[in-house]
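Below are the chains, spelled out letter by letter.
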Amino acid sequence: MTSEEARSGRDIAVVAFAQTDHRRSTEESSEVEMLMPVLHEVLAQTGLRTADIGFTCSGSSDYLAGRAFSFTMALDGVGAWPPVSESHVEMDGAWALYEAWTKLLTGDADTALVYSYGKSSPGSVRDVLTRQLDPYYVAPLWPDSVALAALQAQALMDAGHTDEPALAAVGARSRADAAANPHAQLTGRVPQGDYVVRPLRTGDCPPVGDGAAAVILAAGQRARELCARPAWIRGIDHRIEAHGLGVRDLTDSPSTRLAAEKAGAFERPVDTAELHAPFSAQEVVLRRALRLGDDVCVNPSGGALAANPVMAAGLVRIGEAAARIHRGACDRALAHATSGPCLQQNLVAVLEGDPR
């Protein structure tokens, strides 16, 4: 749905956001035990109870959990009573937020709870993510997520868009900014480290970790009742690249650019951008696609290089952007989420606060 279509409907805002402290491993906790404190916190921010929520939508991956329909167990964290209107996407929670947003636009609900979670620590997430690839031609070769990101980084270097020192600077800036984020997994002077897959070093890659996030959406006057300064969703859109890596230009992201255009991101400048760039080279691609200048504050939370809970990192980007609007740190923010290899699927949301 484009920004023009959104403006013809209801005004919908993010009114609350909560997340876990992202950690390398939460082996002592189940997904439900990891999720419950986040759900309690996000409800407490608004004073709502589960019974007050009109729609609930979640995002997660059965591949990470290692069992089918794993999201039904996570519903224990929401509560067995009263019954809820519920849906689920096998995607990052940003796409669950998109579904909840469209639900509120219809007028069928005034509030929505969106949450997502992922535990990458039990197995090899690099191997798990190969299941996203073409099952006939690419997946049997077992190229993992880091190897594919390295291909993208090398293509950027060959095209003259970046080099290794520039990529190192992205990682250093991200983790320095994360020092002010109590939820981040990596902060401060993290060594660039050895090569993982050339030209990517350890510092160019996201940490493996576990985490969860949740937001509450509300429509119209209800949003103002629940939040002093709602983060209004002025536009949101998502697009996808071709599945075959060989037919794509890995140095560009036309789907991100198109999603941003449809979401209204280019209508007026943004002052903040939370980009879901798990690898340093991907920030280079996204900055170019989104036309972000040096005057835009990019990933003040530290971004996915500081904490990358798979299936929740994209929702965290939206939540972090909304939280900055809530506390008056910015007025117009862009939030981006991605899924799939080399920025295959991309979602862009534009958030604004009321004029001060």
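Computed from a prediction, not measured in an experiment: that's the story for all the values here.

Let's shift gears to the overall build of the chain. Secondary structure summary: the chain contains twelve helices and twelve strands in total. Taking 2.2 N^0.38 as the reference for a compact globule, 356 residues should give roughly 21 Å; the C-alpha atoms of the chain span a radius of gyration of 19 Å, in line with that estimate. Dimensions along the principal axes, computed over C-alpha positions, put the chain at roughly 50 × 45 × 40 Å. Among the 356 residues that make up the chain, the fraction classed as buried is 57%. Looking at charge distribution, the chain has the averaged site of its 32 positive side-chain charges lying 3 Å from that of its 44 negative ones.

Further remarks concern the packing of aromatic side chains. Per the counting criterion, the structure on display carries one aromatic pair. Considering the side-chain rings of Tyr-98 and Trp-101, the 5.9 Å spacing of their centres and the 45° angle between planes classify their relative orientation as tilted. Of this pair, Tyr-98 and Trp-101 both sit in helix α5 (residues 93-105), three residues apart, which is roughly one turn of the helix. An identical accessibility class is assigned to Tyr-98 and Trp-101; each is buried.

Close contact between helix α10 (residues 254-263) and helix α11 (residues 280-290) brings their axes to 9 Å; oriented N to C, the two are set at 40°. Taken as axis vectors, α10 and α11 run oblique relative to one another. In this structure, α10 crosses over α11, and the sense of that crossing is right-handed. Across from Thr-256, Arg-257 and Ala-260 in α10, the residues of α11 making contact are Leu-286, Ala-289 and Leu-290.

Between helix α7 (residues 145-158) and α11, whose axes approach to 9 Å, the crossing angle comes to 55°. Here α7 is positioned oblique relative to α11, judged by the angle of their axes. Crossing hand, α7 versus α11: left-handed. Mapping the contact onto sequence places Ala-149, Gln-152, Ala-153 and Leu-156 in α7 and Ala-281, Gln-282, Val-284 and Val-285 in α11.

Another aspect to go through is helix α12 (residues 313-326). End to end, α12 covers 20 Å across 14 residues, agreeing with the expected 20 Å (1.5 Å per residue, within 8%). A large share of α12 lies buried, amounting to 13 of its 14 residues. After α12 finishes, the residue Gly-328 shows a positive phi value of roughly 80°.

This brings us to the domain arrangement of the chain. Size of an interface, as often reported, equals the accessible area lost when the parts are brought together. Split into domains, the chain comes out as domain 1 (12-121 + 208-226) and domain 2 (125-200 + 233-352). A separation of 22 Å is found between the C-alpha centroids of domain 1 and domain 2. With 40 residues of domain 1 at the interface, the matching set in domain 2 holds 33 residues. Between domain 1 and domain 2, a total of about 2,900 Å² is buried, with carbon and sulfur atoms accounting for 69% of that surface. By the criterion of area lost to domain 2, the three top residues of domain 1 are His-22, Asp-92 and Trp-95, representing 23% of everything that side buries. Counting across the domain 1 and domain 2 interface gives 13 residue pairs in polar contact (both at pLDDT 80 or more). Taken together, the elements giving at least two residues each to the side of domain 1 that touches domain 2 come down to β1 (12-19), α3 (62-65), α5, β4 (111-119) and β7 (210-219). Class assignment for the residues of the side of domain 1 that touches domain 2 results in 23 nonpolar, twelve polar and five charged.

What counts, and at which threshold
- Residues numbered from 1 in each chain as written.
- Predicted model: local features only at pLDDT ≥ 70, side-chain atom pairs only at ≥ 80, totals over all residues.
- Heavy atoms only, no water.
- Helix = DSSP H or I, 4+ residues; strand = E, 2+ residues; numbered from the N terminus.
- Rg over C-alpha atoms; globule rule 2.2 N^0.38 Å.
- Buried < 20%, exposed > 50% of the residue type's maximum accessible area, 1.4 Å probe, protein only.
- Lys, Arg positive; Asp, Glu negative; His and termini not counted.
- Charge placed at Lys NZ, Arg CZ, Asp CG, Glu CD.
- Phe/Tyr/Trp six-rings, centres within 6.5 Å; stacked < 30°, edge-to-face > 60°.
- Axes fitted to C-alpha atoms, helices over the stretch in contact; angles between N-to-C directions.
- Parallel < 35°, antiparallel > 145°, perpendicular 65-115°, else oblique.
- Left-handed = near helix turned anticlockwise from the far one by under 90°.
- Contact = heavy atoms within 4.5 Å.
- Expected span 1.5 Å × (residues − 1).
- Domains from an automatic or database assignment.
- Buried area = accessible area lost by both parts, 1.4 Å probe.
- Polar contact = N/O pair within 3.5 Å; in protein donor to acceptor, adjacent residues only side chain to side chain.
- Nonpolar A, V, L, I, M, F, W, Y, C, P; charged D, E, K, R; others polar.

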